[in-house]
Amino acid sequence: MKIPLSWLREYVRVDATAAEIVEALSISTAEVNGVESAGVAGDLGLFRVGHVLEAEKHPDADRLQLTSVEVGEDRPYSIVCGAWNFGAGAKVAVALPGATLPSGLTLERRKLRGQMSEGMILAEDELDLGIDHSGIIVLDDGLEPGTPLADVLPLVDEVLDLEPTGNRPDLLAVYGVAREVAALLGGELLPMPGEEPTRDGEEPVGIGIDDPEGCLRFIGRTFRDLAIGESPLWLKGRLRHAGVRSISNVVDVTNYVMLALGSPLHAYDLDLLKGGLVARRAREGEKLRTLDGTERTLSAEDLVIADGERAVGLAGIMGGEETEVSAATANVLLEAANFEPIGILRSSERHALRTEGSNRWEKGVDPHVAGPAATYATQLIVELAHARWTGAEDVQGELPRPAVIRLRPERASELIGLEVPAEEQAAILGRLGFGELKKGFRVPTWRARDVTREVDLIEEVARFKLPEIPFTLPRREAMFGRLTRPQRLRRLVEDALVGAGYAEVYTPTFVAEGDLHLPEPISAEAAALRTDLYASLLDPARRNAAAGAGNVALFEIARVYIGVGEALPLERWHVAGIADGGFAEAKWAVEQVYSAFGHEPTYERTSEPFLHPGKAARTAEGWLGELHPALLDGAWGAFELDLDTLADSTPEVVPFDPVSPYPDVRQDLAFVVDEEVSAAELLAAIREAAGELLRELEVFDEYRGEQTGEGKRSLAFRLSFGSPERTLTDEDVAPLRASIVDALATRFGAILRA
């Protein structure tokens, strides 16, 4: 919610700077993302009202005018201008040399096509008041030349970027924030804006409610003989600073009042309606083309606004294209209603259509503010569109009655952790609009949805006392719960990889493309659930490398999702890593993970489209290898393991294997084998042939060359033999060595080299 502070100060008189307002709101009310400067920067005195004394074609340029402009000094200024929507006698907005425009351009005296130009005659986009650049701003003829332009137009403002929580829909209105500021900083809250103009007739409107559960209130007002056109610059500028695009005076009024008071409105072209309006449920399969040009098929759960023949709007979300207010509109029906939140939320999700209106309705709008919103909009439509207000109707059921909640002052002090006198508690609640009664406090209608219990009242008091509450740790009398086994095992993996030099990262579960496409994607970048984890690490690795980081090594532990037909996807815990350094880095990390589980990995060759050919391996629980160079520049190792499968094969208790007090006998063996024989197959055969006395086994060298022959390679193994009962001799190990040589020769045709 972007709130121009000039707008806020129209509703609350408070002696506080922008920084003080931000601090008060941040501590007690909602997150404030910051304060932005909007409009002109620099010396406002260089922006003035100008009176055009002369205007004629530039002697050397057909598309330029050469003007003489009075700006309140002892001589007129000569200004070259490219617009032609004005002439001599016009009052215009002028920026003098030295002025800095919102775009950052600082004006200078300079020649344009041979003629000196002393400043600029301004269009609305050059003052950040709109987007129009087709012509310059023509001001009221009654203004005096030299009048500061800041006295006429909203040249500069500070814009508060507020992010209310979902339980505070009242803060989605400038007046709601003004109410909060008044309470926090002791300011004077002014009455809601809007006065009923004189009605020009008693025309029947013809509105009704067929679904009182979905629509609590429906106000309709008719206007005749409107002049649809552009909004005045003050309204354009204010909407622009609030982040809303200007469309036309009538549509702008509905948006302006929604931002001001928090109750969305909608305007229909009265001449395009076929009878009166009614709030009803849609007929199953009924069609509606909304203002965004999309034809929507409605369900019986959708609440619509309909005339005598068809739906003309998706209630609370978006109006229909057929009854849109346009430049040709002469008569308007204004809707100010109140809708039940859950139904609006479901329709918005069903149609994947979110708007400023639906955002407010789904959080709950005060039904009592529909009346003031209709009044304020009526005043502005009559003033800005020169309309005649000819009819008004207000249809409503029984509106919710304000709740009365009992408050125990001693209970409040106990929960707050600070002694707050009962009188002060009542005063705080009174400033927030809670009326004190004998039985408790009456909740104001704009807080009816989030203040429903005594503890909610206590919270209202507490947030005003936050700066005074001392920082103390809560007393812990007992502690329950402990980590589950899967949680403990995941932490083991985290510790192992951090110890191996990896840094943990967190990446989004949603990805742009994938087999598990979401029926209603959050965005184009979050359209599917990921089915693997390693791909999410590519961008972080690429960014770190591009930033000049060396020895990049990243890992993540997270869920991946596997499709299982019509059912919900299967969730599996995976660990994935990526590191600069190629296959060896990936293998080192995988060994640390298996070691944390008390396992030793076994490898077999594999091929994957994302791994470098010939540098890819698979274990029983996943894969590892060197990434294909098309994915990342350089040699990058990567791996991904299924932690759930790894955990299932890990015993609850790992038995202790006592350390032998006797030294091991170490021997190295090298065998020449065919290229197709994997190291994993040889390791398994050696373990089987060596028996129980084998303590350690690893591959420590690989050789290819003339001595091995074509299609052959040499693999060297380091073996350790030991006994818990005695020191082994070479004679004890010799039979085991012979058994290993025979087994490898028989099964793989291996030839002993050494």
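Above this note sits the structure.
What counts, and at which threshold
Residues numbered from 1 in each chain as written. Predicted model: local features only at pLDDT ≥ 70, side-chain atom pairs only at ≥ 80, totals over all residues. Heavy atoms only, no water. Buried < 20%, exposed > 50% of the residue type's maximum accessible area, 1.4 Å probe, protein only. Helix = DSSP H or I, 4+ residues; strand = E, 2+ residues; numbered from the N terminus. Pairing = 2+ DSSP bridges. Contact = heavy atoms within 4.5 Å. Axes fitted to C-alpha atoms, helices over the stretch in contact; angles between N-to-C directions. Expected span 1.5 Å × (residues − 1). Arc of directions from axis to C-beta.

*Asks:* In this structure, what is going on with the pairing of strand E39 (residues 712–721)? I would like to understand it.
*Replies:* In summary, the side chains of a regular strand alternate between the two faces of the sheet. Of all 10 residues that make up E39, 8 are buried, and the element is covered over most of its length. Sheet topology places strand E37 (residues 665–674) next to E39; 10 bridges connect them, and they run antiparallel. Directly across from Asp668, in E39, lies its bridge partner Arg718. Note that strand E38 (residues 694–703) and E39 share 8 bridges and pair antiparallel. Across the sheet, residue Leu697 finds its bridge partner in E39, namely Leu719.

*Asks:* Teacher, can you tell me more about unusual backbone geometry here?
*Replies:* Peptide bonds are trans in most cases, and residues, glycine excluded, mostly fall at negative phi. At Asp128, a residue that is not glycine, the phi angle is positive and equals roughly 60°. Note on Asp128: relative accessible area 19%, which makes it buried. One non-glycine residue, Ala352, lies in positive phi territory at about 50°. Note that Ala352 resides in the loop between helix H6 (341–350) and helix H7 (356–361).

*Asks:* Help me out: how do you make sense of the sheet that holds strand E27 (residues 503–504) in this one?
*Replies:* By definition, the strands of a sheet pair up through backbone hydrogen bonds, in either a parallel or an antiparallel sense. Strand order in the open sheet formed by 7 strands is E27-E31-E32-E36-E35-E34-E33, and the pairing between neighbours is mixed. Both edges of this open sheet fall to E27 and strand E33 (604–605), since each of them pairs with a single strand only. Relative to strand E32 (residues 570–580), strand E31 (residues 553–562) runs antiparallel, the two sharing 10 bridges. Looking across to E32, one finds that Ala558 is bridged to His574. Where helix H13 (residues 538–546) meets the sheet, its contacts fall on E31, E32, strand E35 (622–627) and strand E36 (636–642), and the angle it forms with E31 comes to roughly 160°. Along the sheet, helix H14 (residues 583–596) contacts E32, strand E34 (611–619), E35 and E36; its crossing angle with E36, the most-contacted strand, is approximately 30°.

*Asks:* Which parts of the structure should I look at to understand helix H12 (residues 485–499)?
*Replies:* Since one α-helical turn is 3.6 residues long, residues separated by three or four positions face the same way. An ideal rise of 1.5 Å per residue puts 21 Å on 15 residues; H12 measures up with 21 Å between its terminal C-alpha atoms. Burial in H12 covers these residues: Leu489, Arg490, Val493, Ala496 and Leu497. An end-on view of H12 places all buried positions within 120° of arc, on one side of the element. Exposed side chains of H12 directed beyond 90 degrees from the buried face belong to Asp495 and Gly499. Contacts made by the buried residues of H12 are with E31, E32, H14, E36 and helix H15 (643–648). Looking one or two residues beyond H12, the residue adopting positive phi is Gly501, at roughly 95°.

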